[in-house]
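Notes for the structure review
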Amino acid sequence: MVNVEVTRRAAHLRKQIVEYDYWYYVKDSPRIPDAEYDKLFRELQTLEAQHPELLTADSPTQRVGGKVLDGFTPVRHAVPMLSIRTETDISDQGAIAFDARVRKELGLGESDPPVKYVCELKFDGLAINLRYEQGVLVQAATRGDGETGEDVTQNVRTIHQIPLSLDGGCPSVLEVRGEVYMARPDFERYNERQREQGLPTLVNPRNGAAGSIRQLDPALAARRRLKFFAYGLGEKVEGWGWRETHKEVLNQLEAWGFPVNSENRVVLGAQGLVEFHRHIEAMRDQLPFDIDGVVYKVNSIALQEKLGFVSREPRWAVAHKFPAEEQITVVRDIDIQVGRTGKLTPVAKLEPVFVGGVTVTNATLHNEDETRRKDVRIGDTVIVRRAGDVIPEVVGVVLEKRPSDAGEQFDLFKRLSGKCPVCGSRIVREEGEANWRCTGGLFCPAQRKEALLHFASRRAMNIEGLGDKLVEQLVEQRLVHTPADLYRLDLTTLADLERMGEKSANNLLEAIAHSKHTTLARFIYALGIRNVGETTAKDFARHFGSLDNLIAADEARQQQVPDVGPVVAKSITAFLAEPHNIEVIAQLRASGLSWAEHEGERVETLPLSGKTFVLTGTLPSMSRDEAKEKLEALGAKVAGSVSKKTDYVVAGAEAGSKLDKARELNVTVLDEQQFLALMEIK
Ligand code: IVH
């Protein structure tokens, strides 16, 4: 027997979690910290595990998991899922023609008032019917052929925006219709992760949504964050007053807790439709999801009934398209671009094509693996996609159209003969890495601005005043090519630059001169070697004591440095093996840079040497950077995450998961007072 208190607690937790879910997933406005939410969720899971009889179909814990299916069961729709007529004339004429047809069917003359319409977005996802009985979600089905779809309830349950139950005041049977979609940022993130791991990517968000809804393993479906917009009703049975307009239906859907897109508008006549179409087309790129047009619906339900249907399409609705976001064109060439950080990206040079509202001549192929997986060759006919303000990409090849003289399979190293197309330095592709990179970080013109900004940054050489705009000018005017050139700048040259003047020029020269006296760690970090962050640079400085020792060390010796593995060792070896970099380092040393070479020995005697700290939360009396600086000045190491090797965690206000981890691992936790006291003593 489950006692009353436990039953009540479970019901209370469910109610709270459903409420928090709504604010988080539908309203996009969290009401409690994640950690608190997790606690409630775990408590409910535990209660349900201990007392299985407490489990309800609409419990929020039921969104995850579920068994792997053998297939999908067919579902016959109680009310057929119709499609809408599509107006492919993307000009204003599409809207004008629809309004004219509606008026004619309704027998309206020129002197009659304009018809009221609801305008909505046409979401580019997958249509779904959600069936609620006594307010509980019992079935979700795809559209199928409109008469019969497939039961995809398990997968749809994983979509957090879809309520598993509705608050009182809904019909005993209620069907809600809408679109399941994948938001563009979620789609990009998913593909980025797949790419990093060398796995296949999704062609577009629509395929992403359709693919995961048709996944037999709900756990896989849950991995792709799908979303939902409600836009209409299917079957509805008693217990609910009839609504007179479609707008009222949308409002009611929202009141039940469904996400209803806020861009819908009630407008008057053809003019209203045209304005909506233009307005949405102008903002299309800024929307976080794909749409392929807008939908116009006659607002009055009575008029909708009067208009009826023709060949399974309502006469009261139409879809008015926008320019397509995918088009077919031909690859003329494949270029390789060097990014600001040295990443080499293959780019298809295209026969110009109008796609997603602009003319496109270049499309990214992302990296070598993806180019090969899609097997894109020069001369191929390809599908190009441009959606939102994302860079256009090649999503696939139309193999049937491959000409007999198409290029050979893409091979980036061979194409470039192993050399950066911009600076001629060696290119490398590290194990487990998806991208080839130029190793000439200090020398390569493509990486120049980035390298200079990093070199001058506060945690590196700390050259105050050398920001974005100035670096831009210095590079564009060919005054600075490598960081070493900074030390050759003179007053007249600097004072002549835009927005400079003598005073600022003097200040900058002073800052540059000041940076000559630095530490070995800062200098190593300033070189901008891939995978060598501030902490690793400090470890290297401490271990090797001098730059020459570091340069002389092989990969094996480098790996003797605590926390340095093969990835870091490979990066640093590749960097130092590039003669262009060594040359710049030599020039830097020649310009009078100096540092405490034997910092290592000095550090060992400091009071907090050998101790590792992790900072979390906010300290009222100092910033995290200040705290870090203070600790390091005392010889401590400050790490980013808590592990068994952590000696102290300093927890300020609103400390999160790091604090939990510290408790879990029994690491000493200091509050601000204790932390200050410790610094005082030392
Ligand atoms: S209403 C009777 N509204 O477009 C009208 N459909 O052919 C039924 N769609 O795949 C549809 N956005 O999933 C409607 N705001 C919207 C829509 C929309 C996208 C899709 C729908 C179906 C197709 C209709």
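Residues numbered from 1 in each chain as written. Predicted model: local features only at pLDDT ≥ 70, side-chain atom pairs only at ≥ 80, totals over all residues. Heavy atoms only, no water.

1. Describing the side chain of E48
The cut-off we apply is this: Strands here are runs of E lasting at least two residues and helices are runs of H or I lasting at least four, both read from the DSSP assignment and numbered beginning at the N terminus. Think of it in three bands: with a 1.4 Å probe and only protein chains considered, a residue is buried below 20% of the maximum accessible area for its type, exposed above 50%, and partly exposed in between. Any two residues whose heavy atoms approach within 4.5 Å are treated as being in contact.
Summarising the element assignment, E48 is placed in helix α2 (residues 34-50). Overall, E48 belongs to the buried group, its relative accessible area being 8%. Once residues within four sequence positions are removed from consideration, E48 is found in contact with R14, L55, S59, T61 and Q62.

2. Here we look at the site of the ligand
As a reminder, the rule being used: Nearness here has a simple test: a residue counts as near a molecule or strand if at least one of its heavy atoms is within 4 Å of that partner. In the analysis that follows, any N or O atom pair within 3.5 Å is treated as a polar contact, provided that within protein one partner can donate a hydrogen and the other can accept it, and provided that, for residues neighboring in sequence, both atoms belong to side chains. Only Asp, Glu, Lys and Arg are considered charged in this grouping, and only Ala, Val, Leu, Ile, Met, Phe, Trp, Tyr, Cys and Pro are considered nonpolar; every other residue, Gly among them, is considered polar.
Close to the ligand lie 13 residues; I84, E120, E179, Y231 and K297 are nearest. Interatomic distance of 2.8 Å between a side-chain N/O atom of E120 and a nitrogen atom of the ligand. At 3.0 Å, a side-chain N or O of K297 approaches a nitrogen atom of the ligand. Secondary-structure elements contributing two or more residues to the shell around the ligand are β3 (116-123) and β10 (291-298). In terms of residue class, the shell around the ligand is made up of eight nonpolar, one polar and four charged.

3. With respect to the packing of aromatic side chains
Worth spelling out the cut-off: Note on aromatic pairs: the rings of Phe, Tyr and Trp (six-membered ring only in Trp) are paired at centre separations within 6.5 Å, and the planes decide the class, stacked below 30 degrees, edge-to-face beyond 60, tilted for the rest. Placement of a charge over a ring requires the Lys NZ or Arg CZ to be within 6 Å of the ring centre, with the centre-to-atom vector within 35 degrees of the ring normal.
A full pass over the atoms with the stated rule returns 15 aromatic pairs. Members of the aromatic cluster, joined through ring pairs, are F123, Y181, F229 and F289. Note that R31 overlies the ring of W23, its terminal NZ or CZ placed 3.8 Å from the centroid.

4. Here's the deal with the sheet that holds strand β9 (residues 265-268)
Keep this limit in mind: The criterion for strand pairing is that DSSP finds at least two bridges linking the strands in question. Here an axis means a line fitted to C-alpha atoms, over the contact stretch when the element is a helix, while the angle between two N-to-C directions is reported on a 0 to 180 degree scale.
Spatially, β2-β13-β10-β3-β9 is the arrangement adopted by the five strands of the open sheet, whose pairing is mixed. Each end of this open sheet is capped by a strand with a single partner; those strands are β2 (85-87) and β9. Sheet twist, expressed as the average angle between the axes of neighbouring strands with direction ignored, equals 35 degrees. Relative to strand β13 (residues 317-321), β2 runs parallel, the two sharing three bridges. Among the inter-strand pairings, T86 is bridged to a residue of β13, identified as A319. In the packing of helix α3 (residues 93-105) onto the sheet, the strands contacted are β2, β3, β10 and β13, and the crossing angle to β13 comes to about 170 degrees. Relative to β9, helix α9 (residues 269-283) is tilted by about 135 degrees, and along the sheet it contacts β3, β9, β10 and β13.

5. Focus: the confidence of the model for the chain
The cut-off we apply is this: Predictor confidence is given residue by residue as pLDDT, running from a minimum of 0 to a maximum of 100.
Looking at the chain, the pLDDT average stands at 91 and 97% of residues meet or exceed 70. Across residues 598-603 the pLDDT falls below 50, and counting only partners more than four positions away or on other chains, this stretch makes nine contacts in the model.

6. Quick look at the pairing of strand β18 (residues 393-397)
Extensive coverage of β18 is indicated by the burial of five of its five residues. As judged from the four bridges shared by strand β17 (residues 381-385) and β18, these two strands associate in the antiparallel manner. Following the sheet pairing, V382 is matched in β18 by V397.

7. So, the sheet that holds strand β7 (residues 173-182)
The strand order across the open sheet built from four strands is β5-β4-β7-β8, with neighbouring strands paired in antiparallel fashion. The sheet is open, and its two edges are formed by β5 (136-142) and β8 (226-237), each paired on a single side. Neighbour to neighbour, the strand axes of the sheet diverge by 25 degrees on average, direction disregarded. Two strands pair when backbone bridges link them, and β7 and β8 are joined in this way by nine bridges, in the antiparallel orientation.

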